[in-house]
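For reference, the chains in residue letters:
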Amino acid sequence: MVKVVYEIVPHDGGWAYRFRDVYSEAFPTHSEAVEAARIVAAEQQVEGDSAEISWQDESGKWHEEYADGGDRPETEVIDGQVHFPPIDTAPGA
């Protein structure tokens, strides 16, 4: 299973969450960046529809495969050594 880790970091005069080398928008406060990262992490847990997909690799070759809508990554939000659980975005939560 894939694990997606969002890290809270200073960015553009504010705070952002980062996945690998991709940054979110800058938020004015640390707590806003944490909340936004927790929401995004929770959204990664929501199942989608299964579908046949086509994609092109770096060499230009096209591939077709079945994408299972229930195959969701594990997510985590970290800020230094503090780990935040995703916000529950389930209906009625």
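Conventions we followed
- Residues numbered from 1 in each chain as written.
- Predicted model: local features only at pLDDT ≥ 70, side-chain atom pairs only at ≥ 80, totals over all residues.
- Heavy atoms only, no water.
- Helix = DSSP H or I, 4+ residues; strand = E, 2+ residues; numbered from the N terminus.
- Buried < 20%, exposed > 50% of the residue type's maximum accessible area, 1.4 Å probe, protein only.
- Areas by Shrake-Rupley, 256 points an atom, 1.4 Å probe, with all protein chains shown as cover.
- Expected span 1.5 Å × (residues − 1).
- Pairing = 2+ DSSP bridges.
- Contact = heavy atoms within 4.5 Å.
- Core = buried A, V, L, I, M, F, W, Y, C linked by side-chain atoms within 4.5 Å.

- The name an unreviewed UniProt entry assigns to the protein chain is DUF2188 domain-containing protein, from the organism Rhizobium miluonense.

Section: the overall build of the protein chain
In step 1: Along the backbone of the protein chain there are 1 helix and 7 strands.
In step 2: Residues counted as buried form 26% of the 93 residues belonging to the protein chain.
In step 3: For the protein chain, the accessible surface area stands at approximately 6500 Å², while carbon and sulfur atoms represent 50% of it.

So, helix α1 (residues 30-43)
In step 1: Taking 1.5 Å per residue as the helical rise, α1 with its 14 residues ought to reach 20 Å, and the 20 Å between its terminal C-alpha atoms agrees with that figure.
In step 2: Residues of α1 that are buried include every one of Ala33, Val34, Ala36, Ala37, Val40, Ala41 and Ala42, and no others.

Some remarks on the pairing of strand β1 (residues 3-11)
In step 1: Both β1 and strand β6 (residues 74-79) contribute to a ladder of 5 bridges, which runs parallel. Residue pairing in the sheet places valine 5 in a bridge with glutamate 76 of β6.
In step 2: Here β1 pairs with strand β2 (residues 14-19) via 5 bridges, running antiparallel. Across the sheet, the residue bridging to histidine 11 is glycine 14, located in β2.
In step 3: Counting the residues between successive antiparallel strands, the hairpin from β1 to β2 contains 2 residues, one of them, aspartate 12, with a positive phi of roughly 50 degrees.

Comments concerning the side chain of serine 24
In step 1: Looking at the element boundaries, serine 24 is found in the loop between β3 (22-23) and α1.
In step 2: When its relative accessible area of 13% is taken as the criterion, serine 24 is described as buried.
In step 3: Beyond its immediate sequence surroundings of up to four residues, serine 24 is in contact with His11, Ala16 and Tyr17.

Focus on the nonpolar core
In step 1: Counting residues in hydrophobic clusters, the biggest one holds 12 residues: Val4, Tyr6, Ile8, Tyr17, Phe27, Ala33, Val34, Ala36, Ala37, Val40, Ala41 and Val77.
In step 2: Broken down by secondary-structure element, the contributors of at least two residues to this core are β1 and α1.
In step 3: Ranked by residues supplied to this core, first place goes to α1 with 6 residues.

A short note on unusual backbone geometry
With the exception of glycine, the majority of residues adopt a negative phi angle, and the majority of peptide bonds are in the trans configuration.
In step 1: Residues other than glycine seldom take positive phi values, yet aspartate 12 does so here, at roughly 50 degrees.
In step 2: Assignment of secondary structure puts aspartate 12 in the loop between β1 and β2.
In step 3: Judged by relative accessible area, which is 68%, aspartate 12 ranks as exposed.
In step 4: Although it is not a glycine, arginine 20 adopts a positive phi angle of roughly 55 degrees.
In step 5: Here arginine 20 shows up in the loop between β2 and β3.

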